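Take a look at the letters that make up each chain.
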Amino acid sequence: MRIGELARRTGVSERSLRYYETQGLLTAERTPGGHRDYPEWAVDRVIRIQELYAAGLHSEKIRQLLPCMRDRDGGPSAIATGRLVKDLTAERDRIDRMIADLRRSRETLDEVIRTARDA
């Protein structure tokens, strides 16, 4: 499929898809005319990349993890190693710390809002 169709099917801009390719997150064959030609599995791959970005991972970490994950469901691939568990556990712990920080910030804001309302 061409880049425009992949963009439409995933809701990701063509620019982002080209960026994913430069980062080694996504690959495409080239037509004789030089156009990108993505395989069907690229849809699942792009969705997986988006989920990992949304989880706060950066492109280098995603590049390292993608070979260890199946595109269709995010489960471990046949080449997954203990590194996948270790890396994902570390990322989950980082996200947990961020959530705790955000909860503290929210509690502070709630306190300020209550004080301002009661004033």
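Note that the coordinates shown come from a computational prediction; the quantities given were computed from them, not determined experimentally.

A closer look at the overall build of the protein chain
Along its length, the protein chain carries five helices and two strands. Order of helices (α) and strands (β) in the protein chain, N terminus to C terminus: α-α-β-β-α-α-α. For the protein chain, the C-alpha radius of gyration of 20 Å lies well beyond 14 Å, the compact-globule estimate for 119 residues. Counting only C-alpha atoms, the protein chain reaches 70 × 35 × 20 Å along its principal axes. The buried share of the protein chain, taken over its 119 residues, is 30%. Look at the contacts in the protein chain between residues 6 or more apart in sequence, and 43% of them connect residues 24 or more apart. Surface accessibility of the protein chain: about 8,000 Å² in total, with carbon and sulfur atoms responsible for 52%. Of the charged side chains in the protein chain, 23 are positive and 20 negative, and the gap between their average positions amounts to 2 Å.

Considerations on the nonpolar core
Of all hydrophobic cores here, the largest spans 23 residues; its most connected members are Leu6, Leu17, Tyr20, Leu26, Tyr38, Val46 and Ile62. Elements with a contribution of two residues or more to this core: helix H1 (3-10), helix H2 (14-22), helix H3 (42-54) and helix H4 (59-65). Looking at this core element by element, the count peaks at five residues for H3. Apart from residues no more than four positions distant in its own chain, Leu6 is found in contact with Met1, Leu17, Leu26, Tyr38, Ala42, Val43 and Val46.

Concerning the domain arrangement of the protein chain
Splitting the protein chain by domain gives domain 1 (1-77) and domain 2 (80-119). Its C-alpha centre places domain 1 at a distance of 28 Å from the equivalent point of domain 2. Taking both sides of the interface into account, the surface hidden between domain 1 and domain 2 amounts to around 800 Å²; carbon and sulfur atoms contribute 62%. Looking only at domain 1, the three residues that lose the most surface to domain 2 are Lys61, Leu65 and Cys68, adding up to 46% of its buried area. Connecting domain 1 to domain 2 are one salt bridge. Two residues, Asp87 and Lys61, come together in a salt bridge whose shortest N-O distance is 3.7 Å.

Details of H1
When we look at burial in H1, the residues that qualify are Ile3, Gly4, Leu6, Ala7 and Thr10. Seen from one end, H1 has its buried residues packed into an arc of 165 degrees, which puts them on one side. Looking at the buried residues of H1, the elements they touch are H2, strand S2 (36-37) and H3. Looking one or two residues beyond H1, the residue adopting positive phi is Gly11, at roughly 75 degrees.

Observations regarding the packing of H2 against H3
Here H2 crosses H3 at 85 degrees, and the two axes come no closer than 12 Å. Classed by the angle they form, the pair H2 and H3 counts as roughly perpendicular. Along the contact surface, H2 presents Leu17, Tyr19 and Tyr20, while H3 presents Val46, Ile49, Gln50 and Tyr53. A class-by-class count of the residues in the contact of H2 with H3 yields six nonpolar, one polar and no charged.

Each value, and the rule that gives it
Residues numbered from 1 in each chain as written. Predicted model: local features only at pLDDT ≥ 70, side-chain atom pairs only at ≥ 80, totals over all residues. Heavy atoms only, no water. Helix = DSSP H or I, 4+ residues; strand = E, 2+ residues; numbered from the N terminus. Rg over C-alpha atoms; globule rule 2.2 N^0.38 Å. Buried < 20%, exposed > 50% of the residue type's maximum accessible area, 1.4 Å probe, protein only. Contact = heavy atoms within 4.5 Å. Areas by Shrake-Rupley, 256 points an atom, 1.4 Å probe, with all protein chains shown as cover. Lys, Arg positive; Asp, Glu negative; His and termini not counted. Charge placed at Lys NZ, Arg CZ, Asp CG, Glu CD. Core = buried A, V, L, I, M, F, W, Y, C linked by side-chain atoms within 4.5 Å. Domains from an automatic or database assignment. Buried area = accessible area lost by both parts, 1.4 Å probe. Salt bridge = Lys/Arg side-chain N within 4 Å of Asp/Glu carboxyl O. Arc of directions from axis to C-beta. Axes fitted to C-alpha atoms, helices over the stretch in contact; angles between N-to-C directions. Parallel < 35°, antiparallel > 145°, perpendicular 65-115°, else oblique. Nonpolar A, V, L, I, M, F, W, Y, C, P; charged D, E, K, R; others polar.

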